[in-house]
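Residue strings, one per chain:
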Amino acid sequence: MTTTRSTTASLALAAALALVPLGSAAAATGAAAPATQPVPEAAGTAPGTGPGAGTAATDRVVVKFRDGAAPEDSRDNVYAQAADRSGDAGLVETAATADGAQVVRTDGMLAGAELEALTTALEQDPAVEYAEPDLLATTAAVPNDPSYAALQWSLWDDPAGLGMPLAWDRATGAGQTIAIVDTGITSHPDLDANVLPGYDFVSTAPNGRDGDGWDPDPTDMGDHPDAVLCPNSPMPPNSTWHGTHTAGIAAADANNGLGISGVAPDAKILPVRAVGACSQGYITDVAAGVLWAAGAPVAGAAANPNPATVINLSLGVPGECPAVLQSAISEALNRGIPVVVAAGNQGTDAAQSAPANCAGVISVAATDVSGALAPYSNSGTVTLAAPGGDPYAQILSTGNAGAQGLGAPTYTERNGTSMAAPAVSGAVALLREVSPGLGVAGLRDALTSTARQAPGGCAAGCGAGIVDPVSALVAVQGGEPFTTAGGIGALHRKISATTGEPRSRELCALGGTPCFQEFANGWIVWNAGLGARWQQVLPAQWWAIPSAG
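Described below are features of the structure shown in this document. (Residues numbered from 1 in each chain as written. Predicted model: local features only at pLDDT ≥ 70, side-chain atom pairs only at ≥ 80, totals over all residues. Heavy atoms only, no water.)

### Some points on the overall build of the chain
Working step 1: If you tally the helices and strands in the chain, you get 14 helices and 21 strands.
Working step 2: Evaluated residue by residue, the chain yields a buried proportion of 58% over its 549 residues.
Working step 3: In the form shown here, the chain has an accessible surface area of approximately 19000 Å², with 53% of it arising from carbon and sulfur atoms. (Helix = DSSP H or I, 4+ residues; strand = E, 2+ residues; numbered from the N terminus. Buried < 20%, exposed > 50% of the residue type's maximum accessible area, 1.4 Å probe, protein only. Areas by Shrake-Rupley, 256 points an atom, 1.4 Å probe, with all protein chains shown as cover.)

### Topic: the state of the cysteines
Working step 1: Per the counting criterion, the structure on display carries 4 disulfides.
Working step 2: Disulfide pairing places C458 opposite C462 at an S-S distance of 2.0 Å. Measuring the twist about the S-S bond at about 90 degrees, one finds the C458-C462 disulfide to be right-handed. Both residues of the pair, C458 and C462, count as buried.
Working step 3: Paired through a disulfide, C508 and C515 show a sulfur-sulfur distance of 1.9 Å. Since a negative S-S torsion denotes a left-handed disulfide, the C508-C515 link at about 105 degrees is right-handed. The burial state of C508 is the same as that of C515; both residues are buried.
Working step 4: Disulfide partners in the chain, listed by the sequence order of the bonded cysteines, are 1-2, 3-4, 5-6, 7-8. (Disulfide = S-S within 2.5 Å.)

### Section: the packing of helix α2 (residues 112-123) against helix α12 (residues 486-494)
Working step 1: At a minimum axis distance of 11 Å, the contact between α2 and α12 shows a crossing angle of 75 degrees. If you check the angle between α2 and α12, you find them roughly perpendicular. Contact with α2, carried on its side by E116, T119, T120 and E123, involves A490, H492 and R493 of α12 and no other residues of that element.
Working step 2: Each residue belonging to the contact of α2 with α12 can be placed in one class, and the counts come to 1 nonpolar, 3 polar and 3 charged. (Axes fitted to C-alpha atoms, helices over the stretch in contact; angles between N-to-C directions. Parallel < 35°, antiparallel > 145°, perpendicular 65-115°, else oblique. Contact = heavy atoms within 4.5 Å. Nonpolar A, V, L, I, M, F, W, Y, C, P; charged D, E, K, R; others polar.)

### Comments concerning α2
Working step 1: For α2, built from 12 residues, the straight-helix expectation of 16 Å at 1.5 Å per residue is met to within 8% by its first-to-last C-alpha distance of 17 Å.
Working step 2: Among the residues making up α2, those that are buried are L115, L118, T119, A121, L122 and E123. (Expected span 1.5 Å × (residues − 1).)

### Section: empty space enclosed by the protein
Working step 1: Volume-wise, the second largest cavity comes out at about 100 Å³.
Working step 2: For the second largest cavity, the lining is made up of 14 residues, of which Q152, S154, L155, I249 and I395 are closest to its centre.
Working step 3: Here the residues of the lining of the second largest cavity sort into 10 nonpolar, 4 polar and no charged. (1 Å grid on protein atoms, 1.4 Å probe; cavity = no way out; pocket = protein on both sides within 12 Å on 5 of 7 lines; lining within 4 Å. Points joined across faces, edges and corners; volume = space filled by probe spheres on them.)

### Concerning the sheet that holds strand β6 (residues 177-182)
Working step 1: As summarised here, the arrangement of the 7 strands in space is β7-β8-β6-β10-β12-β14-β15, forming an open sheet in which the pairing is parallel. In this open sheet, the two edge strands, each paired with only one partner strand, are β7 (199-200) and β15 (384-387).
Working step 2: The pairing of β6 with strand β10 (residues 310-313) spans 3 bridges and is parallel. For I180, the partnering residue across the bridge sits in β10 and is N312.
Working step 3: Together, β6 and β8 (268-273) form the strand contacts of helix α6 (residues 242-251), whose direction differs from that of β6 by roughly 160 degrees.
Working step 4: Its contacts with the sheet put helix α9 (residues 417-434) on β6, β10, β12 (339-342), β14 (362-367) and β15, and the angle it makes with β14 is roughly 125 degrees. (Pairing = 2+ DSSP bridges.)

### Thoughts on the nonpolar core
Working step 1: One finds M164, I178, V340, V364, V424, L447 and V467 to be the most contacted residues of the largest nonpolar core, which totals 57 residues.
Working step 2: Counting residues per element, this core draws most heavily on α9, at 10 residues.
Working step 3: Once residues lying within four places of it in the same chain are set aside, the contact partners of V467 are L162, L384, A385, A386, V424, A427, L447 and A451.
Working step 4: Ranked by size, the runner-up nonpolar core spans 46 residues in total, among them L315, I329, I337 and A454. (Core = buried A, V, L, I, M, F, W, Y, C linked by side-chain atoms within 4.5 Å.)

Now the structure itself:
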């Protein structure tokens, strides 16, 4: 991995920390990306799955009796005994299902522990084959953007993705503002509707390539290397349009029939340009951008009329957190604005890279398409992780086709912790929509307490684990994010002393099998044909669970 030259006076993008040509950039819709554009490392339903599974309340349970085990007159005794054991006032049989099970109405709406207590009480009777909630199914919010289903694996509801369809049923980021402190932004039909007036804090004209210093135009003028400003730069010759790419991951418009969807598609984007030529920007400029984004006064800049509700910094430099940057971050935190940062791409402990090591930030490592720590990602001293991609399965987002200067809008694929951070910034926007009074500490707790282990493994440490937006949303809305149901739930009720409490929601591969759920002491896995079984260790190749027996 090649690193850029850096000094204490400048802050390089996480994108530029490991600029390695990895193949052609993808152009999903719109203008085609240049064939030689470099792609740098930048900073079916199983039981118990489906929309709302394990989180909804119901006043009905389905009870299946073993063949010949309980005639109609004795089923009432089963219901009465279960009601006594669970504390439910009464159960009334109302209808039969197509396969001969009984739909039983409870005395009132039940959810979480109460619902599990009732189904457990019913299953304790030897005449009962199974008992499970009769939940109301809802449609998951799947956007009509053409590249979502084809290429945006990082947003899908599978073990490596973020489970966004279920999260979008609850929130889309409406009313929130995500500041992208980066290389600026370019006009793009998948972004323009969400972009607010921003600011340019690149202080020197040569680095800014716009003929002046600070100004109210955050347009990205291209960050390609310059023979004078960065001789012998390891960067490829083309501009990265990094700010446009990170903005799209966080908040690209959705359901417009075009391109992609962002994590928080109804949030606003506040573009703050602080990085210019050679993917470098002065730390003082970045700090000014953070202050301005937070709504704090910045001498020499017009006031920001649209303060951010979350700030994203997909950039980094080796070494301790600079005091001027820490001061700006602390001011944002004091104003109740979380700061999400890329962990860095040197493949080392994030404690050695700023701003990942700045106090109070939410630092984000990157995972790959298998749900494992990406090999380039910094790790260890991080808050959590999110999909950042790898050379073989990257993160598709908005881009620009210009080789060096501005060109037509397009879509490009990149991978890095720079791609993971805006996914978490988008998740913060979702949480703030449903719980606007939640402070910085509360947001951090919601994200970390509901994060899940990396199914592909993260021996170096991914903090609390992979962010799980839907579980975090359930938690801040007062729900129980980690209930069990279906085949996994039935086994959990039988061996709960062995498994301990659930530590994640149930997740399934896209085909509906295999499925797994994390518990305090290991995992319950399920797949068609083999059913549910207990495993203390999840195979790193979780997709091979059916053959693992």
